[in-house]
Amino acid sequence: MALNRIKKNKRLVLSLIFVFGLGSSGFVVVQAQTNFKISNGSFFKPKKFYPKFSWETTSMYYMFGDTKGVLTRKQVKSIASKTDFICIEKSHGLEELGAAELGAKHDAAAFKKIKPDIKVQFYFNSAYAWPFTSFNKNFTPKNINQYPGLKKFLIKDPQTGALYHRNNVYYFDVLNPELRKWWVETVAEGVRISGCDGAFIDQMHGFHWLRKEKSGEVKKAMGVMMDSLKRKLGPNKILLGNNAHTKIAEHVFPVVDAVMFEHYKEEFLTKESLLKDWEDMLKIAKAGKISVFRIGVEYDPVVGDNPDYFKNRTKRHERLSDLSHERLEYYHACYLIGAQPYSYFQYGWGWKLSTGSLERYKSLEKPLGMPKGPYQRLSLDGWEFTREFEHASVWVNTETAESKISWH
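Cut-offs and rules
Residues numbered from 1 in each chain as written. Predicted model: local features only at pLDDT ≥ 70, side-chain atom pairs only at ≥ 80, totals over all residues. Heavy atoms only, no water. Helix = DSSP H or I, 4+ residues; strand = E, 2+ residues; numbered from the N terminus. Rg over C-alpha atoms; globule rule 2.2 N^0.38 Å. Buried < 20%, exposed > 50% of the residue type's maximum accessible area, 1.4 Å probe, protein only. Contact = heavy atoms within 4.5 Å. Areas by Shrake-Rupley, 256 points an atom, 1.4 Å probe, with all protein chains shown as cover. Phe/Tyr/Trp six-rings, centres within 6.5 Å; stacked < 30°, edge-to-face > 60°. Lys NZ or Arg CZ within 6 Å of the ring centre and 35° of its normal. Pairing = 2+ DSSP bridges. Axes fitted to C-alpha atoms, helices over the stretch in contact; angles between N-to-C directions. Core = buried A, V, L, I, M, F, W, Y, C linked by side-chain atoms within 4.5 Å. Disulfide = S-S within 2.5 Å. Salt bridge = Lys/Arg side-chain N within 4 Å of Asp/Glu carboxyl O. Expected span 1.5 Å × (residues − 1). Right-handed = clockwise from strand over helix to strand, strands pointing away.

Enquirer: What should I look at first to understand the overall build of the protein chain in this one?
Expert: Each helix and strand counted, the protein chain has eleven helices and 14 strands in total. Taken against the 2.2 N^0.38 rule, which gives 22 Å for 408 residues, the C-alpha radius of gyration of the protein chain at 23 Å falls within 12% of a compact globule. Principal-axis analysis of the C-alpha atoms places the extent of the protein chain at approximately 80 × 60 × 50 Å. For the protein chain, with 408 residues in total, the buried portion stands at 51%. The contacts in the protein chain between residues at least 6 apart in sequence include a share of 65% that link residues at least 24 apart. When the accessible surface of the protein chain is summed, it comes to about 20000 Å², and 53% of that surface belongs to carbon and sulfur atoms.

Enquirer: Just to check I follow, could you spell out the packing of aromatic side chains for this structure?
Expert: Geometrically, a pair of aromatic rings is defined through the distance of the ring centres and the angle of the planes. For the coordinates displayed, the defined rule picks out 40 aromatic pairs. Where Phe-64 meets Phe-111, the ring centres are 6.0 Å apart and the plane angle is 45°; that geometry is what we call tilted. In this pair, Phe-64 is assigned in strand β1 (residues 62-64) and Phe-111 in helix α4 (residues 100-114), connecting sequence segments 47 residues apart. Classification of Phe-64 as buried rests on a relative accessible area of 0%. Taken together, the ring pairs in this structure connect Phe-36, Phe-44, Phe-49, Tyr-50, Phe-53, Trp-55, Tyr-61, Phe-85, Tyr-342, Tyr-344 and Phe-389 into an aromatic cluster. Sitting over the ring of Trp-130, Lys-90 keeps its end group 4.9 Å from the ring centre. Over the ring of Trp-351 we find Arg-294, and its NZ or CZ is 4.1 Å from the ring centre.

Enquirer: So what exactly am I meant to see when it comes to the sheet that holds β1 here?
Expert: In a beta sheet, neighbouring strands pair by backbone hydrogen bonds and run either parallel or antiparallel. Pairing in this open sheet of eight strands is parallel, and the strands run β1-β2-β3-β6-β7-β8-β9-β10 from one edge to the other. Looking at the sheet topology across the chains shown, the edges are occupied by β1 and β10 (343-348). On average, each strand axis in the sheet is tilted by 25° relative to the strand beside it, whichever way the strands run. Here strand β3 (residues 119-125) pairs with strand β6 (residues 198-202) via four bridges, running parallel. Counted as the bridge partner of Asn-125 is Asp-202 from β6.

Enquirer: How should I be thinking about the nonpolar core in this particular structure?
Expert: The nonpolar side chains of a soluble globular protein tend to be buried, and buried together. Formed by 121 residues in total, the largest nonpolar core has its most connected members in Tyr-61, Phe-139, Trp-183, Ile-201 and Met-226. Not counting the four nearest positions on each side in its chain, Phe-139 is found in contact with Ala-129, Pro-131, Ile-144, Leu-150, Phe-153, Leu-154, Tyr-170, Phe-172 and Trp-182.

Enquirer: Even after reading the chapter, I still don't get the sheet that holds strand β13 (residues 392-397), so can you show me in this structure?
Expert: Taken in spatial order, the four strands line up as β11-β12-β13-β14 in an open sheet, and their pairing is antiparallel. Of all the strands in the sheet, just β11 (376-377) and β14 (402-407) have a single pairing partner and so form its edges. The pairing of strand β12 (residues 384-389) with β13 spans six bridges and is classified as antiparallel. Opposite Arg-387, over in β13, you have Val-394 as the bridge partner. Each of β12, β13 and β14 is contacted by helix α10 (residues 313-338), which is oriented at about 75° to β14, the strand it contacts most.

Enquirer: Would you mind going over the state of the cysteines with me for this structure?
Expert: Note on terminology: a disulfide is the covalent bond linking the sulfur atoms of two cysteines. Per the stated rule, a full pass over the model turns up zero disulfides. Distance from the sulfur of Cys-87, which forms no disulfide, to the nearest cysteine sulfur (Cys-196) is 7.8 Å.

Enquirer: Got a minute to help me understand the pattern of salt bridges in this structure?
Expert: Pairing is possible between side chains that carry opposite charge, provided their charged atoms lie close to one another. Taken as a whole, this structure holds 18 salt bridges when the rule is applied. Salt-bridge contacts for Arg-211 lead to Asp-173; the nearest nitrogen and oxygen are separated by 2.5 Å. Taken together, the residues Arg-211 in the loop between β6 and α7 (215-233) and Asp-173 in the loop between β5 (169-170) and α6 (177-194) connect sequence positions 38 residues apart. Owing to a relative accessible area of 15%, Asp-173 belongs among the buried residues under this scheme. The salt bridge involving Lys-311 is made with Asp-308; its shortest N-O contact spans 3.3 Å. Taking relative accessible area as the criterion, Lys-311 reaches 48% and is therefore assigned partly exposed.

Enquirer: Mind showing me how you'd approach α7 here?
Expert: Under the 1.5 Å per step criterion, the end-to-end length of α7 is 27 Å for 19 residues, consistent within 8% with the ideal 27 Å. Listed in full, the buried residues belonging to α7 are Ser-215, Val-218, Lys-219, Ala-221, Met-222, Gly-223, Met-225, Met-226, Leu-229, Lys-230 and Leu-233. Buried residues along α7 sit against α6, β6 and β7 (238-242). Directly beyond the C-terminal end of α7, a positive phi value near 100° is found at Gly-234.

Enquirer: Honestly, the pairing of strand β8 (residues 258-262) in this entry has me stumped. Any pointers?
Expert: Sheet faces and side chains relate simply in a regular strand, where the side chains alternate between the two faces. Taking burial as the measure, the five residues of β8 include five buried ones, the bulk of the element. The alternating pattern of β8 places Ala-258, Met-260 and Glu-262 and Val-259 and Phe-261 on opposite faces, both of which are buried. The sheet contact formed by β8 and strand β9 (residues 290-296) spans five bridges and is parallel. Bridge assignment links Phe-261 to a residue of β9, and that residue is Phe-293. What joins β8 to β9 is helix α8 (residues 271-286), and the crossover it makes is right-handed.

Put into structure tokens, the structure is as follows:
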């Protein structure tokens, strides 16, 4: 019995060392796992292939593309200095290299040369047949009729037989099992060619509203397709679904590793929507998944009420750049109120390289520190919220869209 107690105590000591770590001095020290405490008191368990996450400063996600060409070394260094997690957008490098997967390949290698552990994602759309990769180049009005095998992958108007499209961009038919097979193999090949660490998949809806009588089937088919992709990519690749936390994507959420909150309409920035976001960020963290809280100030209410923002493309960029600096504290506060371990912040005014990824926001570089607890709602039915971090006190009123971050 004494021997059994010794063995039992030995296992206990070893377990404690495994959880807390053994410092160079020989004393047991708390490791970075404590940084992964979720606001409900449980702990986040990151997978080995996840990117780096830290509360030291605001953990950022960047997503960008430049149709004209690849990044300069200066641009690569600028973005790499601010993040460990990026996505190269759908048409990047198209004009210079001829295909978006080649643009992704070029710059994924450029980032990894200076920052080997950075996680780079390859973009693909599950609903729109964007013709920017070599795999998709024939989904155009000029070419599609020459490729009947591809044409059958697209949704047709049941009355006219014409292909549905938006500005000549066709729609994938997720109900077609042959499309699902082709799509999964195509995305996996794009990830392989580009040397990326996973895939960012846009549009989880499958155009279910075009076939309302089959809406449930469409949602299930999207889940099947994403599950097949996850299996095809293998266990060490990150699969991120845009808005995969929504009811539309209920069959997608269980299979993805990460979810983006894309606030692509002004209505998603209401006080009620933001409160729902914070609840979903907790849900995602409890499931051991990554979240990306993406704000584009092009959807700020002031833009919708001011037609001047849409006059003159160059001036519009200048106006939105200025607005992004003016509104940063508020949207940063909205992110911080709900942030969990492995919650990333993305900010700008679009998806191009020129719409925020090269901008410098000094407050995002300030020491933040771990949260001291969950957010507090100042009254049961009010819209003022606070949260304390080691180096910041956050207050936000989502009814008046006001905020204050006090750095200390």
